[in-house]
Amino acid sequence: MEDHVKKLIEVDKSLVIKLKVLSAFENLSVKALMEKAVVEYVKNKELERFEKLSEEEKEDLGLLLLMQQADTKEFANEDDIFKILDE
């Protein structure tokens with residue numbers, strides 16, 4: 001089950017009107033539109049941050065992502081690892 005935080009925020013009346021108009025054009029609820037906007041904003045910020053990384057930092061990040069995808073239930077012994085590295 002997802003964690004939900006209910007938080008009241010104050011927004012300008014004109015912003016609410018714009019959100020309602022946009023949500024009608026997008027065929028989404030205002031809530032869904034705001035969630036989509038936040039996801040896109042975060043994605044763009046992550047991309048901007050990634051583009052500022054050095055090549056070495058990008059390689060490190062790629063390795064980290066690959067390691068996170070690895071099956072942690074599978075193990076290899078030390079000899080097998082050194083055989084692969086020697087190839």
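What you see is a predicted model; the values in this text were computed from it and never measured.

1. Focus on the packing of aromatic side chains
In total, this model carries 0 aromatic pairs according to the counting rule given. The positively charged end of K58 is found above the aromatic ring belonging to F50, 5.2 Å away from the centroid.

2. Here we look at the pattern of salt bridges
Once the charged atoms of two side chains with opposite charge are near each other, the side chains can pair. In total, this model carries 5 salt bridges according to the counting rule given. A salt bridge links E26 to K36; the shortest N-O distance between them is 3.4 Å. Taken together, the residues span a long stretch of sequence, with E26 in helix α1 (residues 13–26) and K36 in helix α2 (residues 30–51) at a distance of 10 residues. On the basis of relative accessible area, E26 is assigned to the partly exposed category, the value being 41%.

3. Points about a negative patch on the surface
A cluster of acidic residues, E56, E57, E59 and D60, forms a negative patch on the protein surface. Position of E59 relative to the elements: it lies in helix α3 (residues 55–69). The class of E59 is exposed, set by a relative accessible area of 57%.

4. What about α1?
Helical geometry: 3.6 residues make up each α-helical turn, so side chains three or four residues apart lie on a common side. Here α1 is 14 residues long and its end C-alpha atoms lie 20 Å apart, about the 20 Å a rise of 1.5 Å per residue gives. Just beyond α1, the residue with positive phi is N27, at close to 55 degrees.

5. As for the packing of α1 against α2
Viewed as axis vectors pointing N to C, α1 and α2 meet at an angle of 90 degrees, and their least axial separation amounts to 9 Å. By the angle between their axes, α1 is roughly perpendicular relative to α2. Of the residues in α2, those in contact with L19, K20, L22, S23 and E26 of α1 are V30, L33, M34 and K36. Taken together, the residues that form the contact of α1 with α2 break down as 5 nonpolar, 1 polar and 3 charged.

Procedures and definitions
Residues numbered from 1 in each chain as written. Predicted model: local features only at pLDDT ≥ 70, side-chain atom pairs only at ≥ 80, totals over all residues. Heavy atoms only, no water. Phe/Tyr/Trp six-rings, centres within 6.5 Å; stacked < 30°, edge-to-face > 60°. Lys NZ or Arg CZ within 6 Å of the ring centre and 35° of its normal. Salt bridge = Lys/Arg side-chain N within 4 Å of Asp/Glu carboxyl O. Helix = DSSP H or I, 4+ residues; strand = E, 2+ residues; numbered from the N terminus. Buried < 20%, exposed > 50% of the residue type's maximum accessible area, 1.4 Å probe, protein only. Patch = residues over 30% accessible without salt bridge, like charges linked within 9 Å, V, L, I, M, F, W, Y side chains within 5 Å. Areas by Shrake-Rupley, 256 points an atom, 1.4 Å probe, with all protein chains shown as cover. Lys, Arg positive; Asp, Glu negative; His and termini not counted. Charge placed at Lys NZ, Arg CZ, Asp CG, Glu CD. Expected span 1.5 Å × (residues − 1). Axes fitted to C-alpha atoms, helices over the stretch in contact; angles between N-to-C directions. Parallel < 35°, antiparallel > 145°, perpendicular 65-115°, else oblique. Contact = heavy atoms within 4.5 Å. Nonpolar A, V, L, I, M, F, W, Y, C, P; charged D, E, K, R; others polar.

Function-wise, these values are silent; they only describe arrangement.
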